[in-house]
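Fold and contact review
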Amino acid sequence: MPTAANRRAIFRALHEKGRAFLMPNPFDIGSARILDGMRFDAIATSSAGYAWTQGVRDAEGLISRDAALAHAADIIAATSLPVNGDLENGFGDSPEEVAETVRGAIEVGLAGCSIEDYTTDPVHPHYSLDLAVERIRAAVDTKNRLAPDFVLTARSEGPVQTEYEMAETIKRLNAFVEAGADCVYAPEVKEKDQIVAILNAVQAPLNILGGRPNFHLTRKELGDMGVTRVSIGAGLARVAYRAFTEAAVDIKDGGAFGCFDRMSEAVDFESFLKSRP
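Presented here is a report on the structure given in the accompanying data block. Here the residue numbering is sequential within each chain, running from 1 through the sequence in written order. Only residues with pLDDT of at least 70 get local features here, since the model is predicted, and only at 80 or more are side-chain atom pairs given and counted; chain-wide, interface and lining totals rely on the full set of residues. The basis for every side-chain value is the complete set of heavy atoms in the structure, and neither hydrogens nor water enter the calculation.

**Quick word on the packing of aromatic side chains**
The geometry of an aromatic ring pair is captured by the separation of the ring centres together with the interplanar angle, meaning the angle of the planes. Two rings from Phe, Tyr or Trp (for Trp, the six-membered ring) form a pair when their centres are within 6.5 Å of each other. A pair whose planes differ by under 30 degrees is stacked, one over 60 is edge-to-face, and the rest are tilted. Enumeration over the complete set of coordinates arrives at three aromatic pairs. Consider the rings of F11 and F21, whose centres lie 6.2 Å apart with planes at 80°: the pair is edge-to-face. Residue F11 is found in helix 1 (residues 4-17), and its partner F21 is found in strand 1 (residues 21-23); the two are separated by 10 residues along the sequence. There is no split in this pair, since F11 and F21 are both buried. A helix here means a DSSP run of H or I that spans at least four residues, while a strand means a run of E at least two residues long, and both kinds are numbered starting from the N terminus. Remark: exposure states derive from per-residue accessible area (1.4 Å probe, protein chains only) relative to the maximum for the residue type, with buried under 20%, exposed over 50%, and partly exposed in between.

**Quick look at the environment of G109**
As for its position among the elements, G109 is in the loop between helix 5 (95-108) and strand 4 (112-116). Assessed through its relative accessible area of 8%, G109 is described here as buried. C-alpha of G109 to C-alpha of F150: the two residues are 41 residues apart in sequence and 9.7 Å apart in space. We call two residues in contact when some of their heavy atoms are within 4.5 Å. G109 has contacts with A4 and I76, leaving out every residue within four places of it along the chain.

**So, the packing of helix 6 (residues 129-146) against helix 7 (residues 163-178)**
Relative orientation of the contacting elements helix 6 and helix 7 amounts to 35°, with a least axis distance of 9 Å. For the pair helix 6 and helix 7, the crossing hand works out as right-handed. Here helix 6 contributes L129, A132, V133 and I136 to the contact with helix 7, which in turn contributes K171, R172, A175 and F176. In the scheme used here, Gly and all other residues not listed as nonpolar or charged are polar, with Ala, Val, Leu, Ile, Met, Phe, Trp, Tyr, Cys and Pro taken as nonpolar and Asp, Glu, Lys and Arg as charged. Classifying every residue of the contact of helix 6 with helix 7 gives six nonpolar, no polar and two charged. Note on geometry: axes are lines fitted to C-alpha atoms, helical ones only across the stretch in contact, with angles between N-to-C directions running from 0 to 180 degrees. Note: crossing handedness is left-handed where the near helix turns anticlockwise from the far helix by less than a right angle, and right-handed where it turns clockwise.

**Considerations on a negative patch on the surface**
Like charges within 9 Å and nonpolar side chains (Val, Leu, Ile, Met, Phe, Trp, Tyr) within 5 Å are joined into patches, using only residues over 30% in relative accessible area that form no salt bridge. Residue exposure ignores everything except the shown protein chains as possible cover, and the areas themselves are Shrake-Rupley values with a 1.4 Å probe. Criterion for a salt bridge: a side-chain nitrogen of Lys or Arg within 4 Å of a carboxyl oxygen of Asp or Glu. Counted charges follow a simple rule, with Lys and Arg positive, Asp and Glu negative, and His plus the chain ends left uncounted. Here the site of a charge means NZ on Lys, CZ on Arg, CG on Asp, or CD on Glu. A cluster of acidic side chains, namely D93, E96, E97 and D121, defines a negative patch on the protein surface. Examined against the element boundaries, D93 turns out to sit in the loop between strand 3 (83-86) and helix 5. Judged by its relative accessible area of 45%, D93 falls in the partly exposed class.

**Examining the sheet that holds strand 7 (residues 206-209)**
By this definition, two strands are paired if DSSP reports at least two bridges between them. The strand order across the open sheet built from eight strands is 1-8-7-6-5-4-3-2, with neighbouring strands paired in parallel fashion. At either margin of the open sheet sits one strand with a lone partner, and together these are strand 1 and strand 2 (43-44). Two strands pair when backbone bridges link them, and strand 1 and strand 8 (residues 229-231) are joined in this way by three bridges, in the parallel orientation. Considered in strand 8, the bridge of M23 is made with S231. Sheet strands touched by helix 1: strand 1, strand 3, strand 4, strand 5 (151-155), strand 6 (183-185) and strand 8. Its angle to strand 1, the strand with the most contacts, is close to 130°.

**What to know about the environment of E100**
Within the element layout of this structure, E100 appears in helix 5. We classify E100 as partly exposed; its relative accessible area is 32%. Along the chain, E100 and A139 lie 39 residues apart, while their C-alpha atoms are 8.3 Å from each other.

**Quick look at the nonpolar core**
The nonpolar core is taken to be a set of buried Ala, Val, Leu, Ile, Met, Phe, Trp, Tyr and Cys residues, with the residues joined through side-chain atoms within 4.5 Å. Formed by 56 residues in total, the largest nonpolar core has its most connected members in L87, I136, F150 and L152. Beyond its immediate chain neighbours, meaning those up to four positions away, I136 contacts I115, L152, A154, F176, A179 and A181. Within the second largest apolar cluster, nine residues are counted, among which are F11, L14, A44 and A111.

**Notes on the pattern of salt bridges**
Taken as a whole, this structure holds 14 salt bridges when the rule is applied. Across the pair E100 and R103 runs a salt bridge, and its minimum N-O distance is 2.2 Å. Residue E100 and its partner R103 are both found in helix 5; the two are separated by three residues, about one turn of the helix. R103 sits in the partly exposed class, given a relative accessible area of 28%. If you follow the salt bridges from partner to partner, you end up with R12, K143, D149 and D182 in one network.

**What about the pairing of strand 5?**
Successive side chains on a regular strand alternate, one facing one side of the sheet and the next facing the other. With five of five residues buried, strand 5 is to be regarded as a mostly interior element. By the alternation rule, side chains of strand 5 split into V151, T153 and R155 and L152 and A154, which are all buried. Relative to strand 5, strand 4 runs parallel, the two sharing five bridges. Paired with S114 across the two strands is T153, which belongs to strand 5. Note that the unit made of strand 4, helix 6 and strand 5 has a crossover that is right-handed. By the criterion used throughout, a crossover qualifies as right-handed when its path from the first strand across the helix to the second strand runs clockwise, the strands pointing away from the viewer.

**Comments concerning the packing of helix 7 against helix 8 (residues 192-201)**
Here helix 7 crosses helix 8 at 35°, and the two axes come no closer than 10 Å. Between helix 7 and helix 8 lies a crossing of right-handed hand. Facing M166, I170, L173 and N174 of helix 7, the residues of helix 8 in contact are Q194, A197, I198 and A201. Residues belonging to the contact of helix 7 with helix 8 are distributed by class as follows: six nonpolar, two polar and no charged.

This is the structure:
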């Protein structure tokens, strides 16, 4: 297994190439081994995917920092690839709490992580710009002190449906870059013109979320535009859980078992799993 320092260096180098490298998100050890066996460039945890394996919803404060970092450690141990951590809002409102989360991420061996400006409070869903920037600055200070190659991604979670909302998103992303973020990410952005607007206005590597319905830009198109990284988020977990649920509905309500005929033998996922030596 490569060292944590080697994984961080490899991950940072991927961001410097800037050609829409793929970063899919496993949700447990088995899915991490499959993606490792398929030799993606890097992988990332998924807060939603992991939450679902624990029987809870995502983004409601039901997963603790310790649980998320322990899950990340399990994924890291299952692969030789660089692993990015989806660490939600840093598991705390204050810059000090975010710094503690980043310190923990480095200690478990993550190559990078993302920090959101989403509060989990439905009444006030996003941190003020000043506080959001202070949180990112604290994260950057921590990673620069402990592991400079660690890639810190700052996320703006706000809507982007209007010109005003897009302008505010770009304003936040630029503020995060000024605070020292290595990469930026606005999960609500999906249209080509929105992506181009951010690429033109924000001078930092950009992550785009590809794992969602009705997103039809290809990896080549994104790379040609200048997108650095394409993550899948909860997409693979959602596909897996939906297939499981649909099959369970079929056998319960239909009384037949033809749903299992849909299983393809084209890819043998078990070949990527560990067996006895």
